[in-house]
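Below are the chains, spelled out letter by letter.
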Amino acid sequence: EIELIELELLSVPTELTDDDVGKVTSTIRSVSLASNKLSTLPSDMYSLEALAALDLSENNIHELPEGFVEMKNLEALYLDDNKLRNVPVDFGRLKKFRYASLNRNRLTTFPPSIRKCKQLQVLRADNNKFIILPQTLSLCQTLQEMSFSDNSIQTVPMLFNKMKGIRKLFLE
């Protein structure tokens, strides 16, 4: 586990993804870079092959690099309090993905590929810019909890009635 929290980092230290220390970085399961001043991530961040949990909360991230979806073992992602306007189009390539916390960003929708996240159980997207609950989420049959509080949700597609796994849905 690596924690680089509240260090006012402007970029991810190159040692984290450096090939010269590949034997070490290939076994890292959890990285927290929360509460820094990151605005982007290096495209080689996906070289952290064993990474299961990534916390990038409280930064200034506007977008995730394309290589982001190459993190095949990523299960949990914390991106609260950033400036994200969207998530990668091929987000659904994260096959082991279970938990996403994307609160307090600028999101308006999710890409259709999110339905391919066959293990996604919890999705939190409070305080974003959603007006309509994204219909593609109704195809995520493993979702158990969704939270879209403090958005301007005006429409919930009828397909959400068919989601058998949902136990908690927050739309306040």
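The coordinates are above.
Everything numeric here is computed off the predicted structure, so don't read it as measured data. Throughout this document, residue positions are counted from 1 along each chain, in the order its sequence is written. At least 70 in pLDDT is required for a residue's local features to be given in this predicted model, at least 80 for side-chain atom pairs to be given and counted, and no such filter applies to totals for whole chains, interfaces and linings, which use all residues. Excluding hydrogens and water, the side-chain values take into account all heavy atoms of the structure.

## Side note on the sheet that holds strand β2 (residues 30–32)
Pairing between sheet strands relies on hydrogen bonds along the backbone, with the strands arranged either parallel or antiparallel. Let me state the cut-off plainly: A pair of strands is labelled paired if DSSP reports no fewer than 2 bridges between them. Each helix is a run of DSSP H or I of at least 4 residues and each strand a run of E of at least 2, with the numbering of both proceeding from the N terminus.
In space, the eight strands of this open sheet follow the order β1-β2-β3-β4-β5-β6-β7-β8, with parallel pairing throughout. Two strands close off the open sheet at either side, each with one partner strand: β1 (2–3) and β8 (168–170). As paired elements, strand β6 (residues 122–124) and strand β7 (residues 145–147) share three bridges and run parallel to each other. Counterpart to L123 in the pairing with β7 is M146.

## Some remarks on the packing of aromatic side chains
The test is simple: Any two rings among Phe, Tyr and Trp, with Trp reduced to its six-membered ring, count as a pair given centres within 6.5 Å; such a pair is stacked if its planes are under 30 degrees apart, edge-to-face if over 60, and tilted if neither. Throughout, exposure labels follow a simple rule: accessible area from a 1.4 Å probe, protein chains only, divided by the maximum for the residue type, with under 20% read as buried, over 50% as exposed, and the rest as partly exposed.
Applying the stated rule across the entire model yields five aromatic pairs. Judged by centre distance (5.3 Å) and plane angle (40 degrees), the ring pair of Y78 and Y99 falls under tilted. Highlighted residues: Y78 in strand β4 (residues 76–78) and Y99 in strand β5 (residues 99–101), separated in sequence by 21 residues. Considering the side-chain rings of F91 and F97, the 5.3 Å spacing of their centres and the 85 degrees angle between planes classify their relative orientation as edge-to-face. Here F91 matches F97 in class, with each residue buried. Chaining the aromatic ring pairs together yields one cluster made of F110, F130 and F148.

## Digging into the nonpolar core
Convention followed: As used in this record, nonpolar core signifies buried Ala, Val, Leu, Ile, Met, Phe, Trp, Tyr and Cys residues forming a set joined through side-chain atoms within 4.5 Å. Only heavy atoms enter the contact rule, under which two residues are in contact if any of them lie within 4.5 Å.
Counting 44 residues, the largest nonpolar core has L54, F68, F110 and F148 as its most contacted members. Apart from the residues lying within four places of it in its own chain, the contact partners of L54 are V31, M45, F68, M71, L74, A76, L77 and Y78.

## Some thoughts on the pattern of salt bridges
Let me state the cut-off plainly: In the sections that follow, a salt bridge refers to a side-chain nitrogen of Lys or Arg positioned within 4 Å of a carboxyl oxygen of Asp or Glu.
Counting across every chain of the model gives five salt bridges. R93 serves as the salt-bridge partner of D90, at 3.4 Å between the closest nitrogen and oxygen. What emerges from the salt-bridge pattern is a single network uniting E70, K72, D90 and R93.

## Description of a nonpolar patch on the surface
Inclusion rule: Surface patches are drawn from residues lacking salt bridges whose relative accessible area is over 30%; two like charges belong together within 9 Å, two nonpolar side chains (Val, Leu, Ile, Met, Phe, Trp, Tyr) within 5 Å. Using the Shrake-Rupley algorithm and a 1.4 Å probe, accessible areas are obtained, with residue cover drawn only from the displayed protein chains.
A surface patch of nonpolar side chains, amounting to about 200 Å² of accessible area, comprises V156, L169 and L171. Since its relative accessible area comes to 38%, V156 is described here as partly exposed.

## Let's talk about the side chain of E145
Stated formally: Here a polar contact is recorded for every N or O atom pair within 3.5 Å, except that within protein the pair must consist of a potential hydrogen donor and a potential acceptor, and residues adjacent in sequence are included only if both atoms are side-chain atoms.
Relative to the assigned elements, E145 resides in strand β7. Judged by its relative accessible area of 13%, E145 is buried. A distance of 2.6 Å separates a polar atom in the side chain of E145 from a polar atom in the side chain of R124. In this structure, E145 is in contact with Q121, V122, L123, R124, I166, K168 and F170, ignoring residues within four places of it in sequence.

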